[in-house]
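For reference, the chains in residue letters:
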Protein chains: 2
Amino acid sequence: MTKNSTPTMNDVARVAGVSSMTVSRAFKANSSVSETTRQRILDAADQLGYVLDSTAAGLSTRKTGFVAVIIPSINNANFALTISALNEHLSNSGLQVLLGYSDYDMEEEERIVKAFLRRRPEAIVVTGGVHTESCRRYLAASGVPVIETWDLPASPINHAVGFSNARAGRIMARHLVGQGYKKIGFIGGNVERDRRGADRRHGFEEEVRAQGLSTERFWESNEAIITMEAGRNAMSGLLEKFPDTEAVMCASDVSAFGAMMACHRAGLRVPEDIAIAGFGAYDISANCFPEITSIDVGAYDIGVETAKLILMELAGDSRKLANNSTATDNSRCIEMPITLLPRLSTGE
Amino acid sequence: MTKNSTPTMNDVARVAGVSSMTVSRAFKANSSVSETTRQRILDAADQLGYVLDSTAAGLSTRKTGFVAVIIPSINNANFALTISALNEHLSNSGLQVLLGYSDYDMEEEERIVKAFLRRRPEAIVVTGGVHTESCRRYLAASGVPVIETWDLPASPINHAVGFSNARAGRIMARHLVGQGYKKIGFIGGNVERDRRGADRRHGFEEEVRAQGLSTERFWESNEAIITMEAGRNAMSGLLEKFPDTEAVMCASDVSAFGAMMACHRAGLRVPEDIAIAGFGAYDISANCFPEITSIDVGAYDIGVETAKLILMELAGDSRKLANNSTATDNSRCIEMPITLLPRLSTGE
DNA sequence: TTGAAAGCGCTACCAC
DNA sequence: GTGGTAGCGCTTTCAA
């Protein structure tokens, strides 16, 4: 009658004829175990099919090796890039990303944060700088580094790695005006759900106004316009109401592509009849025809910088001393560069 | 001098004036604690900012609440759908998806499996039915349900929820032939890296051959053709070599879109001059113009069925008795339906 | 309904 | 280089 549960270090120790402590060491790099006994232990482990239990290890070391990361959507090439960078730069240090997605819903974000806190992550990465009040409190009280990404919050919880979405909007507006367009519209970003899209819209609007142009072609909607279909429908509606529209920025390349398809279906040529711009430097904006003018926010680099920040924080455990008030003292706010990509769709 | 670490159940117990055991009960639904003491405990917990430590809880209950899931790419709308379904259907039961992606690399998959096993997941979901020999062994010996998805392996490790990629290829080939096309090509799926794409190619090739048609227009490449750019380049190459090509299937909608853009750039009309088909029912194939004929594999439903299977398995803990040989007895293999979506790009 | 004791599997710490 | 002891924070089990 064999034991029906997974073998433990004690089992390995028994088979290898050593103490469990030595087994523990054998599984750790740079630990003082003679090469012969280590080999004997590894053989025994192999024979038993032993796998280290990092749950138990974490309880003892008080390090779970988790980094909690929350993004708005799991189906988004840009957030995927940030996640890739985090994974690549954290896994070397034995850190495992615990991934959650909020579906652009702050209540859901709060729920995920609460669930993740039970897993005792060593750092928490969230997207954006706007959260429920309760969520902010949980994050601030977590006792671990918190990094807000993809935005530059006015008052960050702790660290931030991002860019100004409003500035992105302004840059694109300036570009369109520079190309000579006057009757300019905007699609997306007018609902709470897509905060960062809304910031881009606001920046865009600000600049359009500053240029003395009308904002009547800014599309109003009750729903977030973040899919191709939504972009297509919005563009159809906009064209119906304002057939003389000369240029439109969409809150994302994805909706911009949908918008461009609506133009094509309507028999309009891009950019001869109408110019279209997007945001996010998605694959599609670079590969469709005509290519869509966009803004690259360096999604991968956001992940890289965030990972660096985390590794730095975890290296120096000093700040654990000050239980509160970590934020104001040694919190960092990193502004990432963004790049306008002028392309055919706006007449380049 | 306050304690500088996170509060524990004992801290809460002390403040609430009960034993830690009662605190434990207070945090569990359906446990026998008087309403008054429960409230007192929750207040104390709130005051201290206490959060349950599920690492420690898991050590005691021997249930981590993790379900390990490995997909090839985190930047893929279809795998994202499967993940969404898993998340939605597992989180109600308190299960947390532990997500990893292999980048279409079996060695990397093996590495992730090994890392995940240390977290003691209660079930493991992998994509595809081909793994390194070592990886198969680890999965089989894990002692928890293993579900291979997106494929129907000849000899599954344990369970499987998927479809026949070869059949998908055959279906599309038959459709193109039915539309009257004779000079038919295929782009993608000719490298080991994209196993399921390769299966589709083989099925497609089989059917094209069976129809007595040539397969000389099957594009050869050293790399996986899974991006828009790769699809575009492949199509350019194909058109150069065989300008008379009448129809092409791509291993994915993503590359199909790239291929279509190559046609547009070359001044070819789709489908008048050349027909294009894809695979996967991605957003882009439905929203581009012309729409691209595709095959819907029900990515979300794969996740739903997989989640159901996991919940069933975890409900009946019986099979833990038989330590090996779980597989052959009560393993299930679920074939999911796939749907051809005939669209404009192939002359519908 | 509540509490005390034991232990989950591992590692920190201190001996040798 | 190796082993013993204690304990991480929780839950199971048994008793009251």
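What you see is a predicted model; the values in this text were computed from it and never measured.

All names here are of chain B. Where helix 1 (residues 9-16) meets helix 3 (residues 35-48), the axes come as close as 9 Å, and the angle between the chain directions of the two elements is 120 degrees. Taken together, the axis directions place helix 1 and helix 3 in an arrangement best described as oblique. Crossing hand, helix 1 versus helix 3: right-handed. Across the interface between the two elements, D11, V12, V15 and A16 of helix 1 pack against R40, I41, A44, A45, Q47 and L48 of helix 3. Residue classes in the contact of helix 1 with helix 3 are distributed as 7 nonpolar, 1 polar and 2 charged.

Lining the immediate surroundings of DNA strand D are 24 residues, of which T22(A), R25(A), R62(A), S24(B) and Y50(B) lie closest. Of all DNA strand D atoms lying within 4 Å of any protein atom, the proportion belonging to sugar or phosphate reaches 63%. For DNA strand D, a phosphate oxygen lies 3.1 Å from a polar atom in the backbone of S19(A). Interatomic distance of 3.4 Å between a backbone N/O atom of D53(B) and a phosphate oxygen of DNA strand D. Among the elements of the structure, helix 2 (20-26) and helix 4 (54-61) of chain A together with helix 2 (20-26) and helix 4 (54-61) of chain B are those that each provide at least two residues to the surface near DNA strand D. Per-element accounting of the surface near DNA strand D gives the leading share, 5 residues, to helix 4 of chain B. Residue composition of the surface near DNA strand D, grouped by class: 10 nonpolar, 10 polar and 4 charged.

This part takes up the domain arrangement of chain A. By domain assignment, chain A separates into domain 1 (9-52), domain 2 (66-163 + 299-317) and domain 3 (165-296 + 340-346). Computed from C-alpha coordinates alone, the two centres of domain 1 of chain A and domain 2 of chain A are separated by 36 Å.

Our next topic: the UniProt feature "domain: HTH lacI-type" (unreviewed entry) in chain A. Under the local residue numbering, the UniProt record ascribes the feature "domain: HTH lacI-type" (unreviewed entry) to residues 7-61 of chain A. Between the C-alpha atoms that bound residues 7-61 of chain A the distance is 21 Å, and the span itself is 67% helix and 0% strand.

A few words on the interface of chain B and chain A. Across the contact, 44 residues belong to chain B and 46 residues belong to chain A. Summing both sides of the interface, chain B and chain A together bury roughly 4,600 Å²; the carbon and sulfur share of this comes to 53%. Our count for the chain B to chain A interface comes out at 4 salt bridges. A salt bridge links D53(B) to R120(A); its shortest N-O distance comes to 3.8 Å. At the surface where chain B touches chain A, the tally comes to 14 residue pairs in polar contact (both at pLDDT 80 or more). The set of elements that each furnish at least two residues to the side of chain B that touches chain A consists of helix 4, helix 5 (77-91), strand 2 (96-101), helix 6 (106-117), helix 10 (228-241), helix 11 (253-265) and helix 12 (283-287) of chain B. At 5 residues, the largest contribution of residues to the side of chain B that touches chain A is made by helix 5 of chain B. Tallied by class, residues from the side of chain B that touches chain A come to 21 nonpolar, 13 polar and 10 charged.

Procedures and definitions
Residues numbered from 1 in each chain as written. Chains lettered and ligands numbered in written order. Predicted model: local features only at pLDDT ≥ 70, side-chain atom pairs only at ≥ 80, totals over all residues. Heavy atoms only, no water. Axes fitted to C-alpha atoms, helices over the stretch in contact; angles between N-to-C directions. Helix = DSSP H or I, 4+ residues; strand = E, 2+ residues; numbered from the N terminus. Parallel < 35°, antiparallel > 145°, perpendicular 65-115°, else oblique. Left-handed = near helix turned anticlockwise from the far one by under 90°. Contact = heavy atoms within 4.5 Å. Nonpolar A, V, L, I, M, F, W, Y, C, P; charged D, E, K, R; others polar. Near = heavy atom within 4 Å. Polar contact = N/O pair within 3.5 Å; in protein donor to acceptor, adjacent residues only side chain to side chain. Domains from an automatic or database assignment. UniProt positions renumbered as here; feature names shortened; annotations may be inferred. Buried area = accessible area lost by both parts, 1.4 Å probe. Salt bridge = Lys/Arg side-chain N within 4 Å of Asp/Glu carboxyl O.

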